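# Overview (structure and organization)
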Amino acid sequence: MSEKFTFTLFQESDAQEIANLLNRNRFYISEHAPVSPEDYLFVQAARGMAFSVVAKKGEKAIGMAAAYYTSGQKVANAQQIFLGTMLLDVRYRLSFAVLVGLYDSLIKEIVSRGFKDILAEVLPGNKQSLYVLLKYGFVLLSDETDIYGYWMLHNYLPAIVDFLGSGTSLASTKDFFYNLPLVNKKAASKSKPQIKNQYIECEYKLDGEKILLLIDTINLKVSGIDFCNNIKFYPDFEFNGKYRLEGNNKGALANVSIREIAAGGEIKKSTGHSLSFQEFAEIEFKSDVEKVELDLNEATYCFYPNRTIKQNKHQISKIECANYDLLVDNTTGFLSIFMQKSATELLKVMWPSAALPYIEGGIIPREKDNLLVEFKESQLRIKEDNDDYSLRREYMLKNDRIVIDTYLKMKVGAKEDTTKDTTKNTTKNRSSLAPISQLWVEEKLNQMMLLSEDAQRVLPEIALAPQNSHYEDFAFWNNALHSDDGFKPKRAQLKSNKSKIDVIFDERSTAVVHIPNMVFYLSYDPSCHLEEQHIEKLEICLNTEESEDA
């Protein structure tokens, strides 16, 4: 008798079974020690889980796959989502039914929620995971790895579903998978060539016929199609709104009809075209055309020539301070410290995380549209104001010193506010709120020393390489992955070739220090959550003299 599996969206009542699954497989947060259901729920909320799918046999969880707003110091844009934490129990590791069922359920949910770009990370050496991702439609846009050694892959299936339309069975994820070409393992590590730094061509099969889809990787849509034996419909890469329709069939006319549809569904224009081989027609769509329907061989394909995704414009303010340049990003709130005589970034002061999720993103930062940045005399002030809290930072610049004060005021919720957040399927709990701040060190260090009241520690050289760190997405995971032997650092000294930086910690906070990310769990009293609290005082001392190790 064949085994029966079910695939359902994760509910909090599943937390115990998921904790058991993680502990059985020593996976993810249970790698070093067993985790409880409460541990799992906290980490998912802190990391920014959108939702997850659980595979079950009976009542027992045998697999899981999750979608996240963040991943490993990267934050997705509004229409992107990360695929992560894919786990099959060891007994079902080779079960194609469980693997396909998890992917199918997860991606259907992603599509239904309106995301257009599915992201995934993989180590180049993890060939098995790489081949699985490629098999399921992911593509590599760049073969450069991040500082942790990961590749970023993209899957544009949601955009392809928009293109195919809801009236075709080919929009189903299972059909999509079966119609992808076989993975060429020799070419697996090669990135897709890009056209105009914006478009890629992806091979696909439609009714058994090979086609190329032109994917707009910035605006996350299908912008063109090339039926190798019928027609080619591509945009003019030089002029917005202009397209070229060309016949590809050497033996017969290609008959195509095109409808231009306005926002309210009104058909503004309808035209028919009969094209012989290499005959073409130029078509220009006006700005009020929301959708273009192309009819070919009794099928309809949908294009959105004027749909664009707004890109936030980062305004960088430059402040001179002694021998340093301070660059402030008004969209992320990050402050970067550079030496004036070089392009070397010594230190990045990331914007604090006042509430869940706790990852602001060192590699791809979280973008905000509600930051106020002010600079007056020797004081820089940045403020974030939203419905939940008011967070502000004041930077006092004193020659080669930067003194940072952080203030937080919560606006809503009671001391024990356990209201359901339906968008993230998590529970808010103001009493367990633990704001964090982070410093990011991307420059290669020669030495890093931690100093307490009466002791010091020099981090071993191997610990100074980000690739050797396993904590890139555990900024929020206090103490559980770190030994606690009573050593409490009060200061960190960072030495590189031409600089030395001292960071003096706030005595009220708890510091977890690793490279490239230093995390501080800030002082916060939940019983006074409606009052503005001074939650952090940091001091950064800069020195550009040649270090002893230079």
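Keep in mind that what you see is a predicted model, and the values were worked out from it rather than measured.

Below, the discussion takes up the pairing of strand S30 (residues 436-440). For S30, a buried count of five out of five residues is recorded, marking the element as mostly surrounded by other parts of the structure. The alternating pattern of S30 places Ile 436, Gln 438 and Trp 440 and Ser 437 and Leu 439 on opposite faces, both of which are buried. The sheet contact formed by strand S23 (residues 345-349) and S30 spans two bridges and is antiparallel. Bridge assignment links Lys 348 to a residue of S30, and that residue is Trp 440. By the bridge criterion, five bridges tie S30 to strand S36 (residues 517-521) in an arrangement that is antiparallel. Within the sheet, the bridge partner assigned to Ile 436 lies in S36 and is Tyr 521.

Right, let's talk about the nonpolar core for a bit. By size, the foremost hydrophobic cluster in this structure holds 53 residues, and its most contacted members are Ile 337, Tyr 395, Ile 402, Met 448, Val 503, Met 518 and Ile 540. Residues in contact with Tyr 395, not counting those within four places in the same chain, are Gly 333, Leu 335, Val 349, Ser 378, Gln 379, Leu 380, Ile 382, Ile 402, Val 403 and Ile 404. By size, the runner-up hydrophobic cluster in this structure holds 35 residues, among which are Ala 50, Leu 134, Tyr 136 and Phe 138.

Below, the discussion takes up helix H3 (residues 96-112). Between the first and last C-alpha of H3 there are 24 Å, a value that for 17 residues agrees with the 24 Å anticipated at 1.5 Å per step. Three or more residues of H3 are buried, namely Val 98, Leu 99, Val 100, Gly 101, Leu 102, Tyr 103, Asp 104, Leu 106, Ile 107, Glu 109 and Ile 110. After H3 finishes, the residue Gly 114 shows a positive phi value of roughly 90°.

Burial analysis of strand S33 (residues 491-495) places four of its five residues in the buried class, the great majority of the element. In the sheet, strand S31 (residues 447-451) pairs with S33 via five bridges, with the strands oriented antiparallel. Each residue of the ladder has a partner; that of Leu 450, found in S33, is Ala 492. Where S33 meets strand S34 (residues 500-504), five bridges bridge the pair, whose relative direction is antiparallel. Note that in S34 the partner of Gln 493 across the bridge is Asp 502. With antiparallel pairing between neighbouring strands as the criterion, S33 and S34 make up a hairpin whose turn holds four residues.

This part is about the packing of aromatic side chains. Counted under the stated rule, the structure contains 13 aromatic pairs. Note on Tyr 103 and Tyr 136: the rings are 4.6 Å apart at their centroids and 5° apart in plane angle, and the pair reads as stacked. Of this pair, Tyr 103 sits in helix H3 while Tyr 136 sits in the loop between helix H4 (127-135) and strand S8 (139-140), placing them 33 residues apart in sequence. By relative accessible area, which is 3% here, Tyr 103 ends up buried. Among the aromatic residues, those joined into a cluster by ring pairs are Phe 163, Phe 227, Phe 233, Tyr 243, Phe 285, Tyr 301 and Phe 303. Above the face of the Phe 487 ring, Arg 457 is positioned so that its terminal group lies 4.3 Å from the ring centre.

Another aspect to go through is helix H5 (residues 157-164). Buried residues dominate H5, accounting for eight of its eight residues. Among the residues of H5, Leu 157, Pro 158, Ala 159, Ile 160, Val 161, Asp 162, Phe 163 and Leu 164 are the ones counted as buried. Phi for Gly 165, located one or two positions after H5, is positive at around 85°.

A word on the sheet that holds strand S15 (residues 254-261). Taken in spatial order, the four strands line up as S16-S15-S18-S19 in an open sheet, and their pairing is antiparallel. With partners counted over all chains shown, the strands left at the sheet margins are strand S16 (267-275) and strand S19 (299-303), one partner each. Averaged over all pairs of adjacent strands, the angle between their axes in this sheet comes to 20°, without regard to strand direction. Taken together, the five bridges between strand S18 (residues 291-296) and S19 define a ladder with antiparallel strand orientation. From the neighbouring strand, Leu 296 faces S19, where its bridge partner is Ala 299.

Moving on to the pattern of salt bridges. What the rule picks out here adds up to 29 salt bridges. As a salt-bridge pair, Arg 244 and Glu 246 come within 3.6 Å of each other at their nearest N and O atoms. By relative accessible area, which is 18% here, Glu 246 ends up buried. Among the ionic pairs, Lys 268 bridges to Asp 288, the shortest N-O distance being 3.0 Å. Linking Lys 268 in strand S16 with Asp 288 in the loop between strand S17 (280-284) and S18, this pair joins segments that are 20 residues apart in sequence. Members of the salt-bridge network, linked through shared partners, are Arg 259, Lys 291, Glu 293 and Asp 295.

Our next topic: the confidence of the model for the protein. On average, the protein scores 86 in pLDDT, and the residues at 70 or more come to 89%. Within the model, the stretch residues 414-431 combines pLDDT values under 50 with 44 contacts to residues more than four positions away or in other chains. Counting interchain partners and residues more than four positions distant, the pLDDT-below-50 stretch residues 479-483 has six contacts.

Now for the packing of helix H1 (residues 15-25) against helix H2 (residues 37-47). Any two packed helices are characterised by how steeply their axes cross, that is the angle between the axes, and by the distance between the axes. Contact geometry for H1 and H2: axes closest at 8 Å, N-to-C directions at 95°. The angle between H1 and H2 falls in the class roughly perpendicular. Contact with H1, carried on its side by Ala 15, Gln 16, Ile 18, Ala 19 and Leu 22, involves Pro 37, Tyr 40 and Leu 41 of H2 and no other residues of that element. Looking at the contact of H1 with H2 residue by residue, the classes come out as seven nonpolar, one polar and no charged.

On to the sheet that holds strand S13 (residues 231-235). Strand order in this open sheet of six strands is S10-S11-S12-S13-S14-S17, and the pairing throughout is antiparallel. Each of the sheet's edge strands pairs with one partner strand only, and the pair in question is strand S10 (199-206) and S17. The sheet shows a mean angle of 25° between the axes of neighbouring strands, taken without regard to direction. Against the sheet, H5 contacts S10, strand S11 (209-216) and strand S12 (221-227), and its axis sits at roughly 65° relative to S12.

Structurally, Ile 195 can be placed in the loop between helix H6 (173-178) and S10. Separated by 21 residues in sequence, Ile 195 and Asp 216 have C-alpha atoms that sit 9.5 Å apart. With near-sequence residues (within four places) excluded, Ile 195 lies in contact with Glu 201, Leu 214 and Phe 237.

Right, let's talk about unusual backbone geometry for a bit. At the junction of Leu 356 and Pro 357, the peptide bond is cis and its omega measures out at -5° in the coordinates. Relative to the helices and strands, Pro 357 is located in the loop between S23 and strand S24 (371-376). The omega torsion of the bond from Ile 515 to Pro 516 falls at 5°, within 30 degrees of zero and hence cis. In this structure, Pro 516 sits in the loop between strand S35 (510-513) and S36. The backbone phi angle of Asn 197 is positive, close to 55°, even though this residue is not glycine.

Thresholds applied
What you see as residue numbers is a count from 1 along each chain, following the sequence as written. Reporting of local features is limited, given that this is a predicted model, to residues whose pLDDT is at least 70; pairs of side-chain atoms are given and counted only at 80 or more, and all residues count toward the totals for whole chains, interfaces and linings. In computing side-chain properties, one takes all heavy atoms of the structure into account and sets aside hydrogens as well as water. To sort residues, take the accessible area from a 1.4 Å probe on protein chains only and compare it with the maximum for the residue type: under 20% means buried, over 50% means exposed, and anything in between is partly exposed. To qualify as a helix, a DSSP run of H or I must reach at least 4 residues; to qualify as a strand, a run of E must reach at least 2; elements of each kind are numbered from the N terminus. Whether two strands pair comes down to DSSP finding at least two bridges between them. For the purposes of this section, nonpolar cores are sets of buried Ala, Val, Leu, Ile, Met, Phe, Trp, Tyr and Cys residues that join through side-chain atoms within 4.5 Å. Pairs of residues are marked as contacts when any of their non-hydrogen atoms sit within 4.5 Å. By this rule the span expected of a helix is its residue count minus one, scaled by 1.5 Å. Classification of ring pairs rests on two measures: the distance between centres of Phe, Tyr or Trp rings, Trp counted by its six-membered ring, which must be within 6.5 Å, and the angle between planes, read as stacked under 30 degrees, edge-to-face over 60 and tilted in between. We call a charge positioned above a ring when the Lys NZ or Arg CZ atom is no farther than 6 Å from the ring centre and deviates by at most 35 degrees from the ring normal. Angles shown run from 0 to 180 degrees and are taken between the N-to-C directions of axes, each axis being a line fitted to C-alpha atoms and, for helices, limited to the stretch in contact. Put simply, a salt bridge is a Lys or Arg side-chain nitrogen that is within 4 Å of an Asp or Glu carboxyl oxygen. pLDDT runs from 0 to 100 and stands for how confident the predictor is about each residue. To sort the angles, those under 35 degrees are grouped as roughly parallel, those over 145 as roughly antiparallel, those from 65 to 115 as roughly perpendicular, and the leftovers as oblique. Following the grouping adopted for this structure description, the nonpolar residues are Ala, Val, Leu, Ile, Met, Phe, Trp, Tyr, Cys and Pro, the charged ones are Asp, Glu, Lys and Arg, and the polar ones are all others, Gly among them.

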